[in-house]
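# Breakdown of the fold
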Amino acid sequence: MDAFSIEGQKILRGETEAAGSKNASLPILAACLLTEEECVIENVPDLRDVRTMQRLLGILGRAAERDGRNIIVRAGSATSVEAPYDLVSTMRASISVLGPLLAKEGEAKVSFPGGCAIGDRPIDLHLKGLEALGAEIEITHGYVHARSRGLAGANIYLAGPNGSSVLATDNVMMAAALAEGVTVIQAAALEPEVVDACNFLVAMGARIEGVGTSTLTITGVSRLHGCRYRIIPDRIESGTLLAAAACTGGEIFVRGARADHLGIVLESFQKAGMQVQSDAEGIRLASRLPAKPLDIETLPYPGFPTDMQAPMMALLACADGTSIVTEHIYPERYIHVAEFNRMGADIKLDEHIARVRGVKKLEGAPVMASDLRAGAALVIAALAAEGTSLVRRIYHIDRGYARLEEKLESLGARIMRVTE
Ligand code: EPZ
């Protein structure tokens, strides 16, 4: 298994480039199943989850081949409607083929996603939305089996106890694009990745009003066509790189990063004392340590993203005072806390609230990545720590960060991929 060996306390300086968004790419690749024509998706990051989605499309009969930064989903029709357990269990976003297969093929069988390291992740909203469109859904032998003899538009309220859902909004919107009549989704997710998926559907010929708002009105069309579409930059990757620079006392420019997608994250860096400047070309952050403590609450967009909670906590671990972090989206998304504490952090958990008492410095240690963002946060902590750290199980990190070690190394980090 691969690990990162990281020698800490090297100041990150220079320029790097934002990758295309993982969480926009995955549902957009799934949406290609809505047409038999070829789609060319530009700026798709080359990472493990994207390769898993390419394999899944291949199993469903639609070859999805990489050509440089683009993925070409070849023309053709689905030859299978089943997303098998071994793929879904490695990537929950596989659930986003449910809506497109159901709408286009009239049937979908997707392995029911189980629990994962960041806690309970139900799919009731996906199923509620598709049932409202007329799907018959059965949970059998660990699979969600959805069937329809023609979907019909409906009014659907799509929020759960923790607010709107990104992939449920995508799934219902994709199915509604080919349903007969008008669908209104209330409490639609506002994340930039959902807006990207809407824009992609519109580029395929879908009729969607209210793009970027919490009410989406979708008038079904009888067919969608192929198109060429460019994925937005990955706001979480950009935020992670900025957090790494902040933690090491460095100064970096992330070319292509979009400040309009990172509003509250950039404001949080500023409140922590960092200097942040942005323009159409990208975002620059100059670190001023020690960071000031912050109170952070994760919320649906435009609130503070849960995916930035762990990376930001790496900065707060060494802040000059006590920070309070409240996780509202995934109340159990704190597996990194025990690992941070092994590096000398002082973080106490009280259910979904973390009290982060800043320490003078972190110490290098062997630690283990438990999920994608927790893993990235441990890398950031290791970059700032005194001495050498070994971050194990980095296959989690490889799921969502393309060439992370190369990017960090080009900014001055001492990081090496080793095979244990
Ligand atoms: C997306 O997951 C992202 N994944 C996640 O990224 C991200 O953490 C999450 O949105 C929140 O922003 C992709 O885009 C591929 P949700 P998703 O449904 O859509 C509850 C990463 O590290 N809920 O918006 O699955 C749920 O439990 C990851 O890249 C229901 O109650 O998340 C949570 O509390 C991991 N019922 C809240 O909604 C449902 O049917 C928001 O989750 C669905 C969700």
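Residues numbered from 1 in each chain as written. Predicted model: local features only at pLDDT ≥ 70, side-chain atom pairs only at ≥ 80, totals over all residues. Heavy atoms only, no water.

### What to know about the packing of aromatic side chains
Throughout the structure, instances matching the rule amount to one aromatic pair. The ring of Tyr 143 carries the charged tip of Lys 109 above its face, separated from the ring centre by 5.4 Å. (Phe/Tyr/Trp six-rings, centres within 6.5 Å; stacked < 30°, edge-to-face > 60°. Lys NZ or Arg CZ within 6 Å of the ring centre and 35° of its normal.)

### Brief notes about the site of the ligand
Around the ligand lies a shell of 23 residues, among which Asn 162, Ser 165, Asp 307, Ile 329 and Arg 373 are the nearest. Contact distances for the ligand include 3.1 Å between an oxygen atom and a side-chain N or O atom of Asn 23. Within the side chain of Arg 373, an N or O atom sits 2.7 Å from an oxygen atom of the ligand. Compared with its free state, where it exposes 820 Å², the ligand has 91% of that area covered by protein. (Near = heavy atom within 4 Å. Polar contact = N/O pair within 3.5 Å; in protein donor to acceptor, adjacent residues only side chain to side chain. Areas by Shrake-Rupley, 256 points an atom, 1.4 Å probe, with all protein chains shown as cover.)

### Some points on the layout of surface pockets
In this model, the second largest pocket occupies a volume close to 450 Å³. In this structure, the second largest pocket is lined by 26 residues; those nearest its centre are Ala 19, Pro 45, Asp 46, Ala 402 and Arg 403. Looking at the lining of the second largest pocket, the elements that each hand over two or more residues are strand E2 (13-17), helix H2 (48-59), helix H13 (395-400) and helix H14 (404-410). No other element matches H14, which puts four residues into the lining of the second largest pocket. A breakdown of the residues in the lining of the second largest pocket according to their chemical character gives 10 nonpolar, four polar and 12 charged. Shared between two domains, the lining of the second largest pocket holds at least three residues of each, these being domain 1 (2-18 + 233-419) and domain 2 (22-230). (1 Å grid on protein atoms, 1.4 Å probe; cavity = no way out; pocket = protein on both sides within 12 Å on 5 of 7 lines; lining within 4 Å. Points joined across faces, edges and corners; volume = space filled by probe spheres on them. Helix = DSSP H or I, 4+ residues; strand = E, 2+ residues; numbered from the N terminus. Nonpolar A, V, L, I, M, F, W, Y, C, P; charged D, E, K, R; others polar. Domains from an automatic or database assignment.)

### Concerning the domain arrangement of the chain
If you check the domain split of the chain, you get domain 1 (2-18 + 233-419) and domain 2 (22-230). One C-alpha centre belongs to domain 1, the other to domain 2, and the line joining them spans 30 Å. Counting residues at the interface gives 24 residues for domain 1, matched by 20 residues for domain 2. Each partner contributes to the roughly 1900 Å² buried at the junction of domain 1 and domain 2, and carbon and sulfur atoms together form 50% of this total. It is Tyr 301, Tyr 330 and Arg 399 in domain 1 that bury the most area against domain 2; as a group they hold 31% of the surface buried on that side. Inspection of the domain 1/domain 2 interface yields three salt bridges. Of the charged contacts in the structure, one is a salt bridge between Asp 49 and Arg 399, with a shortest N-O distance of 2.9 Å. At the boundary of domain 1 and domain 2, one finds eight residue pairs in polar contact (both at pLDDT 80 or more). Residue assignment for the side of domain 1 that touches domain 2 shows that the elements contributing at least two residues are helix H12 (372-384) and H13. Here the side of domain 1 that touches domain 2 takes four residues from H13, the largest share from any one element. (Contact = heavy atoms within 4.5 Å. Buried area = accessible area lost by both parts, 1.4 Å probe. Salt bridge = Lys/Arg side-chain N within 4 Å of Asp/Glu carboxyl O.)

### Concerning the pairing of strand E5 (residues 70-73)
Across the two faces of E5 the burial is the same, with Asn 70 and Ile 72 and Ile 71 and Val 73 all buried. As judged from the three bridges shared by strand E3 (residues 39-42) and E5, these two strands associate in the antiparallel manner. Counterpart to Ile 41 in the pairing with E5 is Ile 71. (Buried < 20%, exposed > 50% of the residue type's maximum accessible area, 1.4 Å probe, protein only. Pairing = 2+ DSSP bridges.)

### Digging into the sheet that holds strand E17 (residues 282-286)
The four strands are arranged E2-E15-E17-E16 in an open sheet whose pairing can be described as mixed. Strands with a single pairing partner mark the edges of an open sheet, and in this sheet they are E2 and strand E16 (275-279). For this sheet the average axis-to-axis angle between neighbouring strands, irrespective of direction, equals 15°. The pairing of strand E15 (residues 251-255) with E17 spans five bridges and is classified as antiparallel. Following the sheet pairing, Ile 252 is matched in E17 by Leu 285. Running at roughly 170° to E15, helix H8 (residues 235-247) makes contact with E2, E15 and E17 of the sheet. (Axes fitted to C-alpha atoms, helices over the stretch in contact; angles between N-to-C directions.)

### A few points about the pattern of salt bridges
Considering all chains together, one arrives at 32 salt bridges under this definition. For Lys 10, the salt bridge goes to Glu 7, with nearest N and O atoms at 3.5 Å. Exposure remark for Lys 10: the relative accessible area of 25% places this residue in the partly exposed category. Of the charged contacts, one joins Arg 357 and Asp 346 as a salt bridge, the two residues approaching to 3.5 Å between their closest N and O atoms. Pair noted here: Arg 357 is in strand E21 (residues 353-357) and Asp 346 is in strand E20 (residues 346-350), with a separation of 11 residues, a long-range link. In this structure Asp 346 comes out as partly exposed when scored by relative accessible area, which is 25%. Beyond isolated ion pairs, a larger network of salt bridges with shared partners links Asp 2, Asp 398, Glu 405 and Arg 417.

### Some remarks on the sheet that holds strand E10 (residues 155-157)
Spatial strand order, E10-E11-E13-E12: four strands in an open sheet with mixed pairing. If you trace the sheet from one side to the other, it starts and ends with E10 and strand E12 (207-209), each paired once. Neighbour to neighbour, the strand axes of the sheet diverge by 20° on average, direction disregarded. As judged from the three bridges shared by E12 and strand E13 (residues 215-219), these two strands associate in the antiparallel manner. Looking at E13, one finds that Arg 207 is bridged to Thr 219.

### Remarks on unusual backbone geometry
That bond from Leu 289 to Pro 290 is cis: its omega, 0°, falls within 30 degrees of zero. One can find Pro 290 in the loop between E17 and strand E18 (295-298). The linkage connecting Tyr 301 with the following residue, Pro 302, adopts the cis geometry, with an omega of 10°. Mapped onto the elements of the fold, Pro 302 is located in the loop between E18 and helix H10 (309-316). For Asn 43, which is not glycine, the phi dihedral falls at a positive 65°. Here Asn 43 is to be found in the loop between E3 and H2. Asn 43 gets classed as buried once you look at its relative accessible area, which sits at 10%.

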